[in-house]
Amino acid sequence: MSSLQDNTAEALAVVRFRIADHHFAMEARAVEGMSREPGPCGAPLETLLGLPVASDTARRWLAIRGSQRRLGISEPVELDSIAASALRPLPPLLQCRPLLPALAAMALEGAQLSLLLDPCALPDKHTTHNNSELEMQP
Amino acid sequence: MKQLLATMRIRTRLWLGFGLLIAIVLIQSISVLWNLDTVRDRVDGVVNHVQPTVLDAMALDKYLDAANRSLGFFLLSQEEHHRADYLDSLEQIDALLARMQASSMAREDDTVADALQALEGSIATFAAMQQRMLPLAENQTANQPGLAYAAEHLNPLTEQMAHQLSQMIFAERSERSSAERRELLLLMGEMRHAWSSITTSLRAYLAFRNDDFIADLNSHHTLLERHLASMSEQQQLLNLEQEDALTQFHAAYQDFFAYLPGLYEIHSGDRWRTDAWLIRTELGENLEVIRGELDGLLLHLREAIDTQSGEMLSQAEATRMIVIVMMLMALVMALGQAHITAQSLIGRINSLIGSVKQVAKGNLVAEIEIEGEDELADLAHAATEMRNHLNDLVARLSHHAHTVNGAAKQISEAVAGQAATSSQMSSSVAEITSTMEELSASSTQIADHSKSVVDISNTTFENAKRGADAMQQVKSQMEGIQLDNQGSLNDILELGSKSKEISKVMEIINAVADQTKLIAFNAALEAASAGESGKRFGVVAAEIRRLADSVTDSTSEIESKIGHIQDAISRLVINSEKGANGITAGMEATDHTAARLEDLVDAASQTSSASQQISLSTQQQKTASNQVVIALREIVTASSNTAQSINRISDISHEMSELSSELDALLHRFHFK
């Protein structure tokens, strides 16, 4: 995994975090900042993605640029970069039948698969998306 | 800088940092409010001065259209409500013009005032047209010159020719009917029909201005010419009245068609309707002038709005730059203050931890040195006081342990001697008893030995009293040990509370480090968003976050060490409590021994009294030998009890000696002055 100092023009700055043993990332330019308070419009990201909410870890709140929304995610949260060569578009099957709302792309770094989310495409309220298939994956 | 920070309290440093941030935010807020006031004034100028004039100008243009439209409808239909609409629109135009002239824009802007003055003249011309237009709608003859020409030249001829034709037909009634006369009457009917068609075509032309009606009129004219030719061929059949009427008809007919070209010229020209001509020329030009003046006024007002908008945009951009610069200043100051505070605290805390570790290892001589006058300095001073107090306490404890050890040894020796004496006394009493039993008959020997018995009993009594005094000394020493042990326990508990205060300080440092990590993350995020220009700043932010992680790891290690110290303190408390329980047991045993020694003193006193009584009652021994033997047996029993008690005292004194040795060994773990 490359560090932030190794950022080049061929790398994408991202905010990394994990939900239920899955690696996720958001573009850093879409994130305005991070705080310890949820604010009036805060909601756990797992709720918006239809995943079980982790309650036993410290939670950070990401402020999304251009929006009043704050997304709650569990520690650890890291500012990192992904090489452009590791980015992969969604396969046609996933584009036709997305497992997660706001899933924009994937990144394959060695044996690790990271899911890239578009925070602007997240639903406003609790989603009824059935992610049982995602929960069954290791 | 570090020395200056060390002289400040940690709370003062934190409040100073927050005060600087609040001051920056306050300056930023005042600048933004000042700019917002300026923007509000400009918006007020646009909304309350320029915009009403623009709306009035647009409304004026709308009412001009409405007036023009209503006038056109009224001229076409002559309906009264169109006339009312036209006049109402003129009133609205006058009212709007008056309001615009009274507005602040007209007073403050010379260009607007000049435009409104020009507009007032043009609108006055527009309104004056009503004096010429409205009468035209009520008088079509005056409005259409063709109708006036026809009324003057053609209509009298038309009536005359119709009358001549009727007269010719009416004159046929006096003639006798015949086939020729019927043909002639039919021809006159045809002429009347042709003439009627000519007048109908002329009216249609006047009404609709269509050249097809002129063609119809010419065809009927040709037909009538043919009828007139036929009538001339049959002129011998006409009576005088008919012949005269035909002659007059023919003359009028010639005049009628002589006037027709003039009618065609008037009615087919541009001025066939006066109102339409006025609308196309004077009124249209007047409207063009008014619209041009209105467009000029609106263009000037739009330029004024554009100027105000541009200034407002410049003001907003300046406000944005102020906010960005102030935010960056606040961020840099917050990071710098956090970094300086963390650096100044970590080194001094590590120094303090090293000193406390030395104390925890038992080195009560090591100095605890820390500079400054803040809370850490207070903590170092408190730790130094605690170390000094522990040092004094352990020194005193060691001294008392040595004293107790020596006293215990003396007690053991004394008890050993007492045991020997007691044993000797027991054997002596046994011998006395046997002697008394054997020599009961010999009162003389009893009298001799009774003195020895008195001496021995007196000696026993004195030894027993010394043993009791020694036990009282042991008891007082044990009470001193108990008080010292309780003092040590209190000092250890105070050490535990101080270590908990250190834990609270560690929690504050952890909170500051967590906040620093959050700020460093956001700073790195901003640097990443800034692209290439924020790359170096991102490196600094990442380094700050790494340092905050290092602080968190260090505080975790410190907390672990403090936890070990607290565990050691807990074990020390337990050991001290066990020692206190042992001391309490020792004191109880000492009390019990003292009581037994008191019993021994009493017994010795009784022995002495008895021996004296024996001595004094030597003469009575013979008679009371049996009672003496019984008494001596009781003495033997008491001696046996005394021997057992002394053995127990010996055991207790051994235990005391072992305890004092253990206490001495424990105290050797400490290094003290």
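In the block above lies the structure referred to throughout.
Per chain, residues are indexed from 1 in the order of the written sequence. Naming scheme: in the order in which they are written, chains are lettered from A and ligands are numbered from 1. Only residues with pLDDT of 70 or above have their local features reported here, since the model is predicted, and side-chain atom pairs are shown and tallied only from 80 upward, although totals for entire chains, interfaces and linings are computed over all residues. For the side-chain quantities, the full set of heavy atoms in the structure was used; hydrogens and water were omitted.

## Side note on the packing of helix 5 (residues 110-128) of chain B against helix 6 (residues 130-138) of chain B
Relative orientation and spacing of two packed helices are given, respectively, by the angle between their axes and the distance between those axes. Residue and element names in this part refer to chain B. To be explicit about the condition: Lines fitted to C-alpha atoms define the axes, with helix axes restricted to the stretch in contact, and inter-axis angles between N-to-C directions lie between 0 and 180 degrees. Counting from the N terminus, the helices are DSSP H or I runs at least four residues long and the strands are E runs at least two residues long. Roughly parallel covers angles under 35 degrees, roughly antiparallel covers those over 145, roughly perpendicular covers 65 to 115, and oblique covers all other angles. Contacts were defined at the residue level, with two residues in contact if any of their heavy atoms lie within 4.5 Å. Under this grouping Gly is polar, as are all residues other than the nonpolar Ala, Val, Leu, Ile, Met, Phe, Trp, Tyr, Cys and Pro and the charged Asp, Glu, Lys and Arg.
Contact geometry of helix 5 with helix 6 gives a least axis separation of 5 Å together with a crossing angle of 20 degrees. Regarding the angle of helix 5 to helix 6, the classification is roughly parallel. Two secondary-structure elements touch here, helix 5 through F126, A127 and A128 and helix 6 through Q130, Q131 and R132. Taken together, the residues that form the contact of helix 5 with helix 6 break down as 3 nonpolar, 2 polar and 1 charged.

## A word on the interface of chain A and chain B
Where we set the bar: Each of two parts loses accessible area, computed with a 1.4 Å probe, when they are put together; buried area is these two losses added. Each salt bridge in this description consists of a side-chain nitrogen of Lys or Arg and a carboxyl oxygen of Asp or Glu lying within 4 Å of one another. Contacts described as polar in this section are N or O atom pairs within 3.5 Å, which, within protein, must combine one atom able to donate a hydrogen with one able to accept it, while residues neighboring in sequence count only if both atoms come from side chains.
Each partner contributes residues to the interface: chain A has 19 residues there, and chain B has 16 residues. Both faces considered, chain A and chain B share a buried interface measuring about 1400 Å² in area, 56% of it formed by carbon and sulfur atoms. Where chain A packs against chain B, one counts 2 salt bridges. D514 of chain B serves as the salt-bridge partner of R60 of chain A, at 2.5 Å between the closest nitrogen and oxygen. On the surface where chain A and chain B come into contact, there are 6 residue pairs in polar contact (both at pLDDT 80 or more). Contributing elements (two or more residues each) for the side of chain A that touches chain B: strand 1 (11-19), strand 3 (31-35), strand 5 (59-64) and strand 7 (78-83) of chain A. Ranked by the residues each element gives to the side of chain A that touches chain B, the list is headed by strand 3 of chain A, at 5 residues.

## Some thoughts on unusual backbone geometry
Selection rule: Each residue is placed in one exposure class: buried if its accessible area under a 1.4 Å probe, protein chains only, is under 20% of its type's maximum, exposed if it is over 50%, and partly exposed if it falls in between.
In the segment running from E75 of chain A into P76 of chain A, the intervening peptide bond is cis, with an omega of 0 degrees. Among the secondary structure elements, P76 of chain A is positioned in the loop between strand 6 (70-74) and strand 7. If you check the backbone angles, D21 of chain A has positive phi at about 65 degrees while not being a glycine. A residue is classified by how much of its surface remains accessible, and D21 of chain A, at 61% relative accessible area, is exposed. At R209 of chain B, a residue that is not glycine, the phi angle is positive and equals roughly 55 degrees. On the secondary structure map, R209 of chain B appears in the loop between helix 9 (179-208) and helix 10 (211-233). A relative accessible area of 30% means that R209 of chain B is categorised as partly exposed.

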